[in-house]
Amino acid sequence: MNKTAQIKKNHQLIKFQKLVIVSILIGFLSAFLGISLKKITEYYEEIFFHEVTVNPIYYVIFPVFGLSVIYFLRQYLFKKKENKGIKEVFESTASKSKNLPSYKIPSHFINGLLTVIFGGSTGIEVSTVVATATIGSVAHEKENVFRQYKTELICAGVAAGVTALFSSPIAGILFAYEVISRKVTRAFLISNIIAVSIAFGLLTILKEEPLFAVSVTTWHLKAIPYFILLGILAGMNSVYLTRCVLFFKSQFGKIGKHYYKIILGSIVLSVSLFVFPQLYGEGYHAIKTNFIASNQIMTLTLALTFIGILILKPIVTSITLASGGDGGVFAPSLFIGAFLGLSLASILNTFFGLQVIPVNFMIIGMAAVLSASIHAPFTAIFLVCGLTNNYTLFFPILAVCLISKYTAKTIYPYTVYSYSPSLIK
């Protein structure tokens, strides 16, 4: 009896050791992929965006060129296999037999990069999530002992990838839990904690700076009613984004010839980017600019700019995705939230003389729209705090993220991840 128990104990120990080793490997590879994609995208997006500001003719050339290259890569290099985004990850974790094929690593890496640098109004976050989930999926297939840990290892890849992009290990684990796994097991905790620790260690070695280095020193209790208003507006805006994505994907799905989708998508993108250059790519350049110049008086020109951006961003993002671009709603949600928060703060300061702090509203707005868009408030909190490397606004962000999520769920119960036509038949 003792011998049997000892054999069982040794087997469990070996299984644990293998899980630790594979989690370290997944964490390193996923973080390396995420950091590489982020760095390459930032580098080329800055170059290409500078070119379009100098030579506006590129507003016409870049979108059609980028979408065309992505189409030909999918047709001839990736054998006509389409990318469905995070829904592929859900399908894989829900099925014992359906795995994420290894080609999705280069496919999402390349297509996500090309989409953003050529002006597609989305971000690399979903491309990174699917590519890193695939690393976890491939690892689970390599050893029989990992067959039962499929979801846990996929989540480990995703958590490390999100950590690499946003410098927040807690956001990585929370995203894996809130959006993908929705359950916590011992293996989930072990694999995910190890993976994000490796990812964060790599970030530390490489001395990665926060994406938005802003100074937030305080917030005031008198701003709470306006934070609540921001949460409600953020929920409404997130529903508008979700409905836009679903509507345009549905409409473009009815177009038989793909080059018609590319032409139509490129025309909308080109015109929109020419009028509002802030919509180019993931839009982080515009957020950084407005963080610096946040104390603006609301003029007619500024009001029209904000209104145009908030109306057009969901449409342009949706058309980018519907016409073949690779990406999701992460970066657009952060972008919309920043401009929504800045708009509200400018209105309150200009017309009501309230002297609220615009940077606070921008940061809280980013978290609120993301929370409502993906129905993951705790991910949004730690992700935005990680982006700014500042936790001063933690409690107002927590409150506003919960308000925005439940506002959005009350208006429309689905996200772009959870929606399925069969749900509403």
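Values in this document were obtained by computation on a predicted structure and should not be read as measured data.

S.K.: Can you walk me through the overall build of the chain in this structure?
M.R.: On a plain count of helices and strands, the chain comes out with 16 helices and 0 strands. Since a compact globule built from 425 residues should have a radius of gyration of about 22 Å, the 22 Å found for the chain is in line with a globular shape. Relative to its full complement of 425 residues, the chain shows a buried share of 56%. Counting only contacts in the chain whose residues sit at least 6 apart along the sequence, the fraction spanning at least 24 positions is 81%. A total accessible area of about 18500 Å² is found for the chain, and carbon and sulfur atoms account for 66% of it. Put simply, the chain has 34 plus and 16 minus side-chain charges, and the middle of one group is 12 Å from the middle of the other.

S.K.: Please clarify how the confidence of the model for the chain should be interpreted in this entry.
M.R.: Keep in mind that low pLDDT regions are not for reading the predicted coordinates in detail. Of the residues in the chain, 96% have a pLDDT of 70 or more, and the chain-wide mean is 91. Across the chain, helix H16 (residues 394-411) holds the top mean pLDDT of 97, while helix H3 (residues 86-94) sits lowest at 84.

S.K.: Help me out: how do you make sense of the packing of aromatic side chains in this one?
M.R.: On inspection of all chains with the given rule, the structure shows 27 aromatic pairs. Note on Phe 65 and Phe 118: the rings are 5.2 Å apart at their centroids and 65° apart in plane angle, and the pair reads as edge-to-face. Highlighted residues: Phe 65 in helix H2 (residues 58-77) and Phe 118 in the loop between helix H4 (104-117) and helix H5 (125-141), separated in sequence by 53 residues. Residue Phe 118 is classed as buried on the basis of its relative accessible area of 9%. Pairing Tyr 259 with Tyr 260 gives two aromatic rings, centres 4.8 Å apart and planes at 70°, and the pair type is edge-to-face. Since its relative accessible area comes to 46%, Tyr 259 is described here as partly exposed.

S.K.: What's the story with the packing of helix H9 (residues 224-253) against helix H13 (residues 330-352) in this structure? I'm lost.
M.R.: What describes two packed helices is the angle between their axes and the distance between those same axes. One can describe the packing of H9 onto H13 by two numbers: an axis separation of 10 Å at closest approach and a directional angle of 140°. Relative to H13, H9 is oriented oblique. Crossing geometry of H9 relative to H13 is assigned as right-handed. On the side of H9, the interface is formed by Tyr 226, Leu 229, Leu 230, Leu 233, Ala 234, Asn 237 and Leu 241, while H13 contributes Ser 333, Ile 336, Leu 340, Gly 341, Leu 344 and Leu 348. Of the residues contributing to the contact of H9 with H13, the split by class is 10 nonpolar, 3 polar and no charged.

S.K.: Mind showing me how you'd approach the nonpolar core here?
M.R.: The tendency in soluble globular proteins is for nonpolar side chains to be buried as a group. Ranked by size, the top nonpolar core spans 128 residues in total, and within it Phe 175 and Leu 383 carry the most contacts. It is H13 that contributes the most residues to this core, 12 residues altogether. Setting aside chain neighbours within four positions, we find Leu 383 in contact with Val 162, Phe 166, Ser 168, Ala 171, Phe 330, Leu 334 and Leu 370. One finds Leu 246, Tyr 412, Tyr 414 and Tyr 419 within the second-largest nonpolar core, a separate group that totals 7 residues.

S.K.: Just checking my understanding: could you explain the environment of Tyr 71 for this structure?
M.R.: Take Tyr 71: it is sitting in helix H2. For the pair Tyr 71 and Val 400, spaced 329 residues apart in the sequence, the C-alpha separation amounts to 40 Å. Among residues more than four places away in sequence, those in contact with Tyr 71 are His 258 and Ile 262.

S.K.: Where do I start with helix H7 (residues 169-181) in this structure?
M.R.: Counting along an α-helix, one turn takes 3.6 residues, and residues three or four places apart therefore face a common direction. Ala 171, Gly 172, Leu 174, Phe 175, Ala 176, Glu 178, Val 179, Ile 180 and Ser 181 are the residues of H7 that are buried. Following H7 by one or two positions, Arg 182 adopts a phi angle in the positive range, close to 60°.

S.K.: I keep staring at the packing of helix H11 (residues 284-292) against H13 and nothing clicks. Help me out?
M.R.: Two elements in contact, H11 and H13, have axes whose closest approach is 10 Å; the angle formed by their N-to-C orientations is 25°. Comparing their axes, H13 and H11 come out roughly parallel. Here H11 runs over H13; the crossing is left-handed. Contact residues: Tyr 284, Ala 286, Ile 287 and Asn 290 in H11; Ala 331, Leu 334, Phe 335, Ala 338, Phe 339 and Leu 342 in H13. When the residues that make up the contact of H11 with H13 are grouped by side-chain class, the tally is 9 nonpolar, 1 polar and no charged.

Scoring rules and cut-offs
Counting starts from 1 at the beginning of each chain's written sequence and moves along it residue by residue. Whole-chain, interface and lining totals are the exception, using all residues; otherwise, since this is a predicted model, local features are given only for residues with pLDDT of at least 70 and side-chain atom pairs are given and counted only at 80 or more. Note that the side-chain values use all heavy atoms of the structure and ignore hydrogens as well as water. The way it works is that DSSP assigns letters per residue, a run of H or I at least four long becomes a helix, a run of E at least two long becomes a strand, and they are numbered from the N terminus. For this measure, only C-alpha atoms enter the radius of gyration; the expected value for a globule follows 2.2 Å times N^0.38, where N is the number of residues. Here's how the labels work: a residue is buried when its accessible area is under 20% of the maximum for its type, exposed when over 50%, partly exposed in between, all with a 1.4 Å probe on protein chains only. Here, two residues are considered to be in contact whenever any of their heavy atoms come within 4.5 Å of each other. All accessible-area figures derive from a Shrake-Rupley calculation using a 1.4 Å probe, and residue coverage is judged against the displayed protein chains alone. Positive: Lys, Arg. Negative: Asp, Glu. His and the chain ends are not part of the count. By convention, the point assigned to a charge is CZ for Arg, NZ for Lys, CD for Glu and CG for Asp. The pLDDT score gives, residue by residue, the confidence of the prediction method on a 0 to 100 scale. A pair of Phe, Tyr and Trp rings is counted when the ring centres sit within 6.5 Å of each other, with Trp represented by its six-membered ring. The angle between the planes then sorts it: under 30 degrees is stacked, over 60 is edge-to-face, the rest tilted. Lines are fitted to the C-alpha atoms to define the axes, a helix being fitted only along its stretch in contact, and any angle between axes, read from their N-to-C directions, falls within 0 to 180 degrees. For classification purposes, an angle smaller than 35 degrees is called roughly parallel, one larger than 145 roughly antiparallel, one from 65 to 115 roughly perpendicular, and anything else oblique. A clockwise turn of the near helix away from the far one marks a right-handed crossing, whereas an anticlockwise turn of less than a right angle marks a left-handed crossing. Polar here means any residue outside two lists: the nonpolar Ala, Val, Leu, Ile, Met, Phe, Trp, Tyr, Cys and Pro, and the charged Asp, Glu, Lys and Arg; Gly therefore counts as polar. In plain words, nonpolar cores are sets of buried Ala, Val, Leu, Ile, Met, Phe, Trp, Tyr and Cys residues tied together by side-chain atoms within 4.5 Å.

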